[in-house]
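# Understanding the architecture of this molecule
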Amino acid sequence: MLTAFNEAVDVMKNEVKCQKGVGLIEVLVTVLVMATALLALSGLQMRSLQFNHSAYLRSQANILAYDIIDRMRLNRKKMDDYAITYNDDAPSGTSLAEKDVKEWREMLAKLMPKGTGEIKCNASAICTISIRWSEQNQSDNDDEDLATFEYSTRI
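Conventions used here
Every chain's residues receive numbers from 1 upward, in the order its sequence appears when written. Per-residue local features of the predicted model are confined to residues with pLDDT of at least 70, and side-chain atom pairs are confined, for both listing and counting, to 80 or more; whole-chain, interface and lining totals are unaffected and use all residues. Remark: hydrogens and water are excluded; side-chain values derive from all non-hydrogen atoms of the structure. Cysteine sulfur atoms that come within 2.5 Å of each other are treated as a disulfide pair. Three exposure classes are used, based on accessible area relative to the maximum for each residue type with a 1.4 Å probe and protein chains only: buried under 20%, partly exposed in between, and exposed over 50%. Within 6.5 Å between ring centres, the rings of Phe, Tyr and Trp (the latter by its six-membered ring) count as paired, and their orientation is classed by plane angle as stacked under 30 degrees, edge-to-face over 60, tilted in between. To qualify as a helix, a DSSP run of H or I must reach at least 4 residues; to qualify as a strand, a run of E must reach at least 2; elements of each kind are numbered from the N terminus. Remark: a charge is flagged as sitting over a ring if the NZ atom of Lys or the CZ atom of Arg is within 6 Å of the ring centre and within 35 degrees of the ring normal. Salt bridges are defined as contacts in which a side-chain nitrogen from Lys or Arg sits within 4 Å of a carboxyl oxygen from Asp or Glu.

With that settled, the discussion passes to the state of the cysteines. Under the definition given, this model contains 1 disulfide. With a sulfur-sulfur separation of 2.0 Å, Cys121 is cross-linked through a disulfide to Cys127. The sign of the 110 degrees torsion about the S-S bond sets the Cys121-Cys127 disulfide as right-handed. The exposure class assigned to Cys121 is partly exposed, which follows from its relative accessible area of 25%.

Below is the structure:
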C-alpha cells in the first residue's frame, strides 16, 4: 500500500514539473479579458454622458419655448411683433414684444450651444416656436450636429 502511495506522489511530482508557467498564461488571459471589459464599460459611460447632455439640452429648449409663449400670452394684442427668424438679429426696440424677444434670444445664446430661435404666428393665433442648437455627434457632418425643437400652440 505504501508503494502505491509513493507511486502516486511520484506521478504528481512529474505533472507539476510539466506545468511550469501555465499559471502566468492564465493570469495574462484574465488581465486581457478584464481590460477588454473595462474598455467596453468606459465606452458605455461616454455614450451615457452624451445622451444625458442631449436630454438636458432638450429640457432647456422646452423651458425656453414655454417662457416665450407665456410672454406672448401676456401681450396678445401685439403678437405680430414677436415674429423673428433664425437669421434675424435680436430686436433693439423698446416695446414689450421687442424686449421679450431680445431677452429670449439672449437666454438661448447663453444656455444652449450656438442656440437661436424662431417665432412664427399665423392669422388664427397658432404660433410655432423653433429652437435650434448645436450638439456634438460622432460624425464629422456639420448638418447632423444641428438639433431643432419645435413647439406649436394657440396663443
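We are not done yet, so read on.
Glancing now at the packing of aromatic side chains. The relation between two aromatic rings is expressed through the spacing of the ring centres and the mutual angle of the planes. Under the criterion given, the structure shown has 1 aromatic pair. With a centroid separation of 5.0 Å and 50 degrees between ring planes, the pair formed by Tyr66 and Tyr151 is classed as tilted. Placement of the pair is Tyr66 in helix H2 (residues 22-74) and Tyr151 in strand E3 (residues 146-154), with a sequence separation of 85 residues. Across from the ring centre of Tyr86, 3.9 Å away, lies the NZ or CZ of Arg132, which sits over that ring.

This part is about the pattern of salt bridges. Between side chains of opposite charge, pairing is possible as soon as their charged atoms come close. Considering all chains together, one arrives at 4 salt bridges under this definition. Arg71 is the salt-bridge partner of Asp67, the closest N and O atoms lying 3.2 Å from each other. Pair noted here: Asp67 and Arg71 are both in helix H2, with a separation of 4 residues, about one helical turn. Looking at Asp67, the relative accessible area reads 23%, which means it is partly exposed. Ionic pairing is found between Arg71 and Glu103, a salt bridge with its closest N-O pair at 2.8 Å. Of this pair, Arg71 sits in helix H2 while Glu103 sits in helix H3 (residues 96-111), placing them 32 residues apart in sequence. For Arg71, a relative accessible area of 17% corresponds to the buried category.

From the geometry alone we can't say anything about function, so treat these as descriptive.
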